[in-house]
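# Observations on the three-dimensional arrangement
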Amino acid sequence: MTIDRLKQSQLMSKEISDLIISHEKVAHVQLQNPLDHALLILIKSGYTAIPVLDNDFRVRGQISKNEILDSILGLERLEIERLHDITVETVMKKKIPRLKTDTTFSKALTTSINHPFICIEDEEASFVGILTRSSILALVNRYFQQST
Ligand code: 2BA
């Protein structure tokens, strides 16, 4: 095997644990939060979408500004007054990718093609943090810069 091939296979089989943004730094909401609270967190944090957790700190989905606004879209206007009566659980996206901390970089790279961030869980399915597309691209970039 050439040195380039060896470095490539080392990168692809590397575990993602070093790249994870820890849960303390991740903006999130909970299932029973009303949508006005979720919108506040999304606007304040500046992110488009964030994870949704349950009371046991398990990942249950993710919610975006678009899903919130879509849920209060009336015939002629946004029905802002409904924001407080709808819970996050009702409108969140439930089918989201999740990976474990010992997942390989190769699998994370493939998953990140269609997802700006991926929730990471431990063996007990508790939320550990997120892996963002930018941290994956930064590592790929570093690999290519070093190879040239
Ligand atoms: P978006 O919110 O759509 O953000 C897309 C990209 O814009 C981010 O890519 C980042 O490069 C930049 N960006 C947006 N808001 C930012 C902010 N407040 N501070 C710094 N940079 C910001 P990624 O870093 O790859 O993040 C991908 C997605 O992961 C984000 O998509 C967001 O949905 C989620 N995310 C990232 N960090 C988060 C955190 N600390 N808490 C909650 N969600 C996070």
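Residues numbered from 1 in each chain as written. Predicted model: local features only at pLDDT ≥ 70, side-chain atom pairs only at ≥ 80, totals over all residues. Heavy atoms only, no water.

In the annotation of an unreviewed UniProt entry, the protein is listed under the name CBS domain-containing protein and assigned to Salicibibacter cibarius.

A surface patch of like charges, here negative, comprises E15, D102, E123 and E124. For D102, the location among the structural elements is in the loop between β5 (98-100) and α5 (105-112). (Patch = residues over 30% accessible without salt bridge, like charges linked within 9 Å, V, L, I, M, F, W, Y side chains within 5 Å. Areas by Shrake-Rupley, 256 points an atom, 1.4 Å probe, with all protein chains shown as cover. Salt bridge = Lys/Arg side-chain N within 4 Å of Asp/Glu carboxyl O. Lys, Arg positive; Asp, Glu negative; His and termini not counted. Charge placed at Lys NZ, Arg CZ, Asp CG, Glu CD. Helix = DSSP H or I, 4+ residues; strand = E, 2+ residues; numbered from the N terminus.)

Our next topic: the packing of aromatic side chains. Applying the stated criterion across every chain yields a total of two aromatic pairs. An angle of 55° between the planes, with centres 6.0 Å apart, marks the rings of F57 and F127 as tilted. Residue F57 is found in the loop between β3 (49-53) and β4 (59-64), and its partner F127 is found in strand β7 (residues 127-132); the two are separated by 70 residues along the sequence. F127 sits in the buried class, given a relative accessible area of 4%. Look at Y143 and F144: their rings are 5.2 Å apart centre to centre, the planes differ by 75°, and that puts the pair in the edge-to-face class. Judged by relative accessible area, Y143 falls into the buried class, the value being 12%. (Phe/Tyr/Trp six-rings, centres within 6.5 Å; stacked < 30°, edge-to-face > 60°. Buried < 20%, exposed > 50% of the residue type's maximum accessible area, 1.4 Å probe, protein only.)

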